[in-house]
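Okay, here's what each chain looks like letter by letter:
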Amino acid sequence: MNDVQTSIRICLIDVKVPYSYGGTPLNLLSLGSYLVERGVLPEKNIKIINSTNIHSVEYITQFKPDIIGLSVVTPAFPYALKLASLLKKKLHPVIIIGGHHITGIPELFDEPFDAGVIGEGEGALEDIIRLIQNGKSLTPSRMSLIPNLVYKDTKGTIVKNPMRPLLKPEAIPSYQWSLLEPEEIVQYETVVENGKARTTLGAPIFSSRGCPYQCVFCARTVIWKTGKAFRLLPMDHVMADIEYLYRKLHITSLWIYDDTFAVSKERIRQLIQALKKKGILGNIVLPQVFVRANLIDEEFVQLLKELGVLTVFMGVESGSRRILKYLKNDSLQVFQVKNAVKLFAKYDIRIVGSFMLFVPGEKPADLDKTYQLASWLAHEPNAQAIGMYITVPFPGTRLWEDSVIKNKIDITSLQWKNFVTYHSQKSIANLVFFRNGFTNKQLDNYWGRMYKQMDYVDKHISSLPGWKESKKEVELFNARRVAWLEMKYRFNRIIHNPSRLMSRIGSGHVWKYVVKDIRRITRIRP
Ligand code: B12
Ligand code: SF4
C-alpha cells in the first residue's frame, strides 16, 4: 500500500432518529471490515460512529475524515440532511449516503451528498475510495463508471447506474470486531428461560444475507430485490464471529439478526455440530431469532431448541386471510401460525408475535380477525410479547408502489420522520398512513384494543420470577457500559489534543468530568 492510499480517512456514521438507542452497527462494521479485508484502508483510518448522540460533531471533526459515509433509514433522513450539511460546511469531505432510504428512493438524491450508494454497499464504497486514493475527485464522468451509484450529472440530472452482482458468500466480509470498542458490541439483556428471567451479556451477528421471501411491505426487499439474494455465510465465517464474541468478549447470549433465520434444517444441524465441537453449545443462549411459521415443523423446533433458542420472532401480520394473502404474497396462513405457536410451546420456546395494523383496504372485519388472533396468542402459555405495528409504505417496497406511486401522492409532501412502525403513545391516529375511511376516534379505539393485548403479555412477563431484578441490573450494567465508553472517547479526544488538555486542566474543567465519570461507572444503584 503506498502513502497516498493509507492517508485517506473515512468516517462511517449510523444516523439515528432522536429516540433511538445505540445497538451494534453491523452494517457499518461490514463496510469497514470489507475495506480492511481488501487492503483498501488500514483500521486506524476508519472510524465508525454508531450514535450521533454519543459522538459529537467535534469528535468527527477531530478525526478529519476525507470521506464521510452515512447509513440512513427512512425516518432518519431529515436528520441525515442536517448532519451532512453541517459536516460539509465544516470539513468539506466527500459525503456518501447509503442504506434503505436512498436505495428505496434514489430519485430524491440531492446535495449536500456527493453520491448515493444503492443496495449492497461494499463494492461501491471500495470503488469510491480507490478513486479518491488515486488523487481523483468524484466527477460525474468518473461516477458513471461505478455500479450501484446515484449522482447528479453536469446538467443536474439524477443518474442511477446499473447494479453490480451481489457479493458471493465467501466475499461477504468477516467482521473486524476491533473496529469497534467492546462496549459498542456487547449489551446486557434480560432473557426468559425455564419460566425465569435472568441477565445475559449479548452481541449480534448475521449468519446469512437476504431473505428467500418477498413480502410486499418489507424494507429488506428493497435492498435485496429478489429471493435469490439469499446467501448463507460460510460456516467458518459464522463460527469465527461466535468464537470471538464468546471467548474474547465473554458473551452469554447471541442475537442472530438474519432476516429469516430458520430456513434450512441442514444448516441448523451444521451450526449445532460446529458449536458442539468448539465447546460452545449450551454455554450461550439465542434470545431471539426470526422464523416464518410456514417453514416450521416439529423437527425444526427440536433443532432450534437444541441450538439454544429461547424465543422466536414471528411475523404474524394479520388474522384476515385476505389481508395476509396480500402482505405475504400468499405464502403464509393463519393455521400455520397457530400450529407453529403450539409446537414451540411444546418445547418451551417463547413467541414474539408481530402484527400489522391499518393495511390498505383493511375493513373492520379484518381488524377484528387480527384482534382475535392477537388475543389468542396473548393467552398462549409461551407468549413473550405482542408487537403491534402501524403499516408503513417504506420507499421501494411493493406496498409503496401500490399506494404512493399508483395514487400519485406528492412525495415531497411526505414526512419522513413519521416512517416508523412502532409507537408507544395512546393516540396514533395522526400517524396512520392508510386510514381506510376510519375517523381518528375509530383508529385510536382499534389501537387501544390492540394495545391491551400487548399490555396483557407485558404484565404477565414482568411478573415472572427474576424479571424486575434483572431489568434493574440490565439498566445499571448498561449505564456503566455507556459511561465507560464515553470516558474512553473523551480520553482519546483529550490525548489527541494536548493543548486542549492543558487548558482544561488549568481551568479545572477536566476534573469535573473525571469525578463525574468515576461516579457513573462505580455507582451501585441505577
Ligand atoms: C439492528 C437494527 C436496528 C438496531 C440499530 C443497530 C445499529 N446500527 O446501531 C436498532 C434496534 C437500534 C434499530 C432501530 C431502528 N430501526 Co432498525 N434494523 C436493524 C436491522 C435488524 C439490522 C441492520 C443491519 O445491520 N443489517 C445488515 C446490513 C449488512 O444490511 P444493511 O443495513 O442493508 O446494509 C447494507 C446496505 O444497505 C448498504 N449500506 C447501508 N448503509 C450504508 C452506508 C454507506 C455509506 C454505504 C456505502 C452503504 C450502506 O451496505 C450495507 C452492506 O452491504 C434491520 C433489518 C435488517 N435485517 O437489516 C432493521 C432496519 C434497518 N431498521 C429499520 C427501522 C425503521 C428502525 C427504526 C426507525 C425503528 C422502527 N422499526 O420503526 C429505528 C431507528 C434506527 C435509527 N437509525 O435511528 C428498518 C428500516 C426501513 C427503512 N426503509 O427505513 C429496517 C430495515 C427494519 C424493517 N422495519 O424492515 N434497528
Ligand atoms: S418480512 Fe421477513 S420473510 Fe418477508 S421478506 Fe421481509 S424478512 Fe423476508
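What comes next is a walk through the structure. (Residues numbered from 1 in each chain as written. Chains lettered and ligands numbered in written order. Predicted model: local features only at pLDDT ≥ 70, side-chain atom pairs only at ≥ 80, totals over all residues. Heavy atoms only, no water.)

Focus: the packing of helix α10 (residues 235-248) against helix α11 (residues 265-277)
At a closest axis distance of 11 Å, the pairing of α10 and α11 adopts a crossing angle of 45°. The pairing of α10 with α11 is recorded here as oblique in orientation. Every pair of crossing elements has a handedness; the one defined by α10 and α11 is right-handed. Residue-level inspection shows M235, V238, M239 and I242 of α10 in contact with α11, the latter providing R267, Q270, L271, A274 and L275. Counted by class, the contact of α10 with α11 contains 7 nonpolar, 1 polar and 1 charged residues. (Axes fitted to C-alpha atoms, helices over the stretch in contact; angles between N-to-C directions. Helix = DSSP H or I, 4+ residues; strand = E, 2+ residues; numbered from the N terminus. Parallel < 35°, antiparallel > 145°, perpendicular 65-115°, else oblique. Left-handed = near helix turned anticlockwise from the far one by under 90°. Contact = heavy atoms within 4.5 Å. Nonpolar A, V, L, I, M, F, W, Y, C, P; charged D, E, K, R; others polar.)

Quick word on the site of ligand 2
Taken together, C211, Y213, Q214, C215, F217, C218, T221, D259, T260 and R292 make up the full set of residues adjacent to ligand 2. Classifying every residue of the shell around ligand 2 by side-chain character gives 5 nonpolar, 3 polar and 2 charged. (Near = heavy atom within 4 Å.)

Notes on the site of ligand 1
The environment of ligand 1 is made up of 38 residues, and the closest members are V17, S71, T74, R220 and D259. At 3.0 Å from a nitrogen atom of ligand 1 is found a side-chain nitrogen or oxygen belonging to D14. Counting only elements with at least two residues in the shell around ligand 1, the list comes to α2 (26-37), β3 (67-71) and α9 (220-224). Of the residues assigned to the shell around ligand 1, the class counts are 16 nonpolar, 15 polar and 7 charged. Among the domains, domain 1 (3-167) and domain 2 (186-465) are the pair contributing at least three residues each to the shell around ligand 1. (Polar contact = N/O pair within 3.5 Å; in protein donor to acceptor, adjacent residues only side chain to side chain. Domains from an automatic or database assignment.)

What to know about the pairing of strand β12 (residues 253-256)
Taking every second residue as pointing to the same face, both faces of β12 are buried, with S253 and W255 on one and L254 and I256 on the other. With 4 bridges connecting them, strand β9 (residues 196-205) and β12 associate as parallel partners. Residue pairing across strands places P204 opposite W255, the latter belonging to β12. (Buried < 20%, exposed > 50% of the residue type's maximum accessible area, 1.4 Å probe, protein only. Pairing = 2+ DSSP bridges.)

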